[in-house]
Amino acid sequence: MIALGDDIVLASDGYPFLEPTLDQSERALAELKASDPHLISRFPTTKGFEPGLDSFDDRAYLRFTVGPPEHTSVNACGERL
């Protein structure tokens, strides 16, 4: 169950190891590239790192903290009260 104050991290499959921060996820990706550039042992996949590229796939990373909902009252015309 997700509660107020929880941190939520969502990422694409370009980040095989999802860490609490983008910097940590990037470091984990760099460590993987250094230790298994062909992606055949630690994180087996169908394609490895191509020479000159920073990743084997596109990457997206989103992190947010769950906060209380904002309640906005509006009148019949949609104007804020």
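Preceding this paragraph is the structure being described.
The rules behind the values
- Residues numbered from 1 in each chain as written.
- Predicted model: local features only at pLDDT ≥ 70, side-chain atom pairs only at ≥ 80, totals over all residues.
- Heavy atoms only, no water.
- Core = buried A, V, L, I, M, F, W, Y, C linked by side-chain atoms within 4.5 Å.
- Buried < 20%, exposed > 50% of the residue type's maximum accessible area, 1.4 Å probe, protein only.
- Contact = heavy atoms within 4.5 Å.
- Salt bridge = Lys/Arg side-chain N within 4 Å of Asp/Glu carboxyl O.
- Helix = DSSP H or I, 4+ residues; strand = E, 2+ residues; numbered from the N terminus.
- Expected span 1.5 Å × (residues − 1).
- Arc of directions from axis to C-beta.

Participant: Tell me about the nonpolar core, and please be specific about residues and values.
Facilitator: Leu29, Leu32, Leu39, Phe49 and Phe56 together form the largest nonpolar core, which totals 5 residues. The contact partners of leucine 32, leaving out residues within four places of it in the chain, are Pro16, Phe17, Pro37, Leu39, Arg42, Phe43 and Phe49.

Participant: Could you give an account of the pattern of salt bridges, with specific residues and numbers?
Facilitator: Under the definition given, this model contains 3 salt bridges. Aspartate 23 is paired through a salt bridge with arginine 27; the nearest N and O atoms lie 2.7 Å apart. Here aspartate 23 pairs with arginine 27, and both are found in helix H1 (residues 22-35), just 4 residues apart, close to one helical turn. Between arginine 59 and glutamate 26 there is a salt bridge, with the nearest N and O atoms lying 3.2 Å from each other. One end of the pair, arginine 59, is in the loop between H1 and strand S2 (61-65); the other, glutamate 26, is in helix H1, with 33 residues separating them in the sequence. Exposure remark for arginine 59: the relative accessible area of 33% places this residue in the partly exposed category. Owing to a relative accessible area of 28%, glutamate 26 belongs among the partly exposed residues under this scheme.

Participant: Account for unusual backbone geometry, with residues named and values stated.
Facilitator: A negative phi angle is the norm for most residues apart from glycine, just as the trans form is the norm for most peptide bonds. Unlike most non-glycine residues, leucine 39 shows phi in positive territory, near 50°. Position of leucine 39 among the secondary structure elements: in the loop between H1 and S2. Judged by relative accessible area, leucine 39 falls into the buried class, the value being 0%.

Participant: Kindly report on H1, identifying the contributing residues and their values.
Facilitator: Helix length check: H1 (14 residues) gives 20 Å between terminal C-alpha atoms against 20 Å at 1.5 Å per residue, within 8%. Taken together, the buried positions of H1 are Ser25, Ala28, Leu29 and Leu32. Burial along H1 is one-sided: seen end-on, the buried residues are contained in an arc of 100°. Contact partners of the buried residues in H1: S2.

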